[in-house]
Amino acid sequence: MHRGGGHAANLARVGHTPAAPGPTQLAGALRKAGVPDVDAAPRRRAEYSSDASNYRVVPEVVAFPRHTDEIVAALGVCRELGVPLVPRGGGTSIAGNALSTGLVLDLSRHLNRVVEVDPEARTAVAEPGAVLDDISAAGAPYGLRFGPDPSTHARATIGGSIGNNACGARALRYGRTADNVVALDVVTGTGVRFTARRYGRDDVPGDGAPRRSCWPPSAA
Ligand SMILES: Cc1cc2nc3c(=O)[nH]c(=O)nc-3n(C[C@H](O)[C@H](O)[C@H](O)COP(=O)(O)OP(=O)(O)OC[C@H]3O[C@@H](n4cnc5c(N)ncnc54)[C@H](O)[C@@H]3O)c2cc1C
């Protein structure tokens, strides 16, 4: 190991990570940043220390954002304090997917609406915490349903299903979740917001229309 003074000092600086804030400090910082619905109580942290897996990881805080702005604010706090963050929908993952030592952002409490259904386009606009069965119920009057259909559809959310690219018994007919996403409003870890869309594709799986190639972007 190189022990030269200047080099060692640089290594120490590069390797420095801020001391992890405790639950009270993190909850306070989130509230100050405009995220009011936060819970650092031991009971709440215990509830969110598991999903449907065998893993147990206790988070510092659980937050329930009400708007995208609050998600962006929470990301900013986590970046500033060096806290890991995991979004969570129904928490039905079986590999510890929805667990975090830092902040768990539960999107199912407030951001759970099916905003609209467009029977012509055969699409729905839904918030990330919308439960799959609620999306199917909204489409039912038009003969539509969410096709991929993981067996946890009564609890699983669209955000978590996109995160896992979930599918189930009807996947051969309708494809996986990724095959059924037309556009996404995205917030990156650095707080950048943008809309991601498919290129060169205007059909929806399962509508009987011929599939078009998604990539490279079609010139047509
Ligand atoms: C009994 C049982 C049966 C199951 N059957 C199936 C099955 O048939 N098919 C299948 O595919 N899976 C199955 N699963 C796994 C799981 O239920 C599905 O993958 C489900 O779609 C996950 O949805 P969720 O809302 O519970 O996601 P969560 O578990 O809450 O989250 C899943 C992942 O997505 C991320 N995430 C959640 N919301 C967002 C968001 N808004 N933005 C970004 N990332 C996000 C989370 O951080 C996590 O990594 C099963 C699980 C169980 C326990």
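What you are looking at is a predicted structure, and each value in this text was computed from that prediction instead of being measured.

(A) Looking closely at the overall build of the protein chain. When helices and strands are tallied, the protein chain shows seven helices and eight strands. Here the protein chain holds 220 residues, and the buried ones make up 32% of them. Sequence-distant contacts in the protein chain: of pairs separated by 6 or more residues, those separated by 24 or more amount to 51%.

(B) Focus on helix α2 (residues 23-32). Those residues of α2 that sit buried are Pro 23, Leu 26, Ala 27, Ala 29 and Leu 30. When α2 is viewed along its axis, its buried side chains cluster within an angular range of 160 degrees and face the same direction. More than 90 degrees from the buried face of α2, the exposed residues found are Thr 24 and Lys 32. Next to the buried residues of α2 lie β1 (38-39), β2 (61-63), α4 (68-81) and β4 (103-106). Once α2 finishes, Gly 34 follows within two positions and takes phi at roughly 100 degrees, a positive value.

(C) Up close: the confidence of the model for the protein chain. Within the protein chain, residue pLDDT values average 87, and 82% of them lie at 70 or more. Segment residues 1-16: pLDDT under 50, and two contacts once partners within four positions in sequence are set aside and those in other chains are kept. Note on residues 209-220: pLDDT is under 50 here. Beyond four places in sequence and across chains, it has 17 contacts.

(D) Focus on the nonpolar core. Core analysis: the biggest nonpolar cluster contains 25 residues, and Leu 26, Leu 30, Val 61, Ala 63, Ala 74, Leu 103 and Leu 105 have the highest contact counts within it. By residue number, the principal contributor to this core is α4, which donates six residues. Each residue touching Leu 105, except ones within four places of it in the same chain, is listed here: Ala 63, Pro 65, Ile 71, Ala 74, Leu 85, Pro 87 and Arg 88. Val 131, Leu 132, Ile 158 and Ala 166 belong to the second largest nonpolar core, which has twelve residues in total.

(E) Quick look at the pairing of β4. Neither face of β4 is open: one carries Leu 103 and Leu 105, the other Val 104 and Asp 106, and all of them are buried. Judged from the three bridges that link them, β2 and β4 form a sheet pairing that is parallel. Among the inter-strand pairings, Val 62 is bridged to a residue of β4, identified as Val 104. The pairing of strand β3 (residues 85-88) with β4 spans four bridges and is classified as parallel. Bridge pairing links Val 86 to Val 104 in β4.

(F) Focus on helix α5 (residues 132-139). Those residues of α5 that fall on the buried side of the exposure criterion are Leu 132, Asp 134, Ile 135 and Ala 138. What you see down the axis of α5 is that its buried residues fit within an arc of 165 degrees, all on one side. Those residues of α5 that are buried are in contact with β5 (114-118), β6 (123-126) and α6 (158-164).

(G) Quick peek at the site of the ligand. Of all residues adjacent to the ligand, which total 28 residues, the nearest are Gly 89, Gly 90, Gly 159, Gly 160 and Gly 163. Elements represented by at least two residues in the shell around the ligand include exactly β3 and α6. Among the elements that take part in the shell around the ligand, α6 stands out by supplying five residues, more than any other. In terms of residue class, the shell around the ligand is made up of eleven nonpolar, 15 polar and two charged. Both domain 1 (19-106) and domain 2 (114-197) contribute no fewer than three residues apiece to the shell around the ligand.

Rules used in this analysis
- Residues numbered from 1 in each chain as written.
- Predicted model: local features only at pLDDT ≥ 70, side-chain atom pairs only at ≥ 80, totals over all residues.
- Helix = DSSP H or I, 4+ residues; strand = E, 2+ residues; numbered from the N terminus.
- Buried ≥ 20, exposed ≤ 12 C-beta atoms within 10 Å, placed from the backbone.
- Contact = placed C-beta atoms within 7 Å.
- Arc of directions from axis to C-beta.
- pLDDT = per-residue confidence, 0-100.
- Core = buried A, V, L, I, M, F, W, Y, C linked by C-beta atoms within 7 Å.
- Pairing = 2+ DSSP bridges.
- Near = placed C-beta within 6 Å.
- Nonpolar A, V, L, I, M, F, W, Y, C, P; charged D, E, K, R; others polar.
- Domains from an automatic or database assignment.

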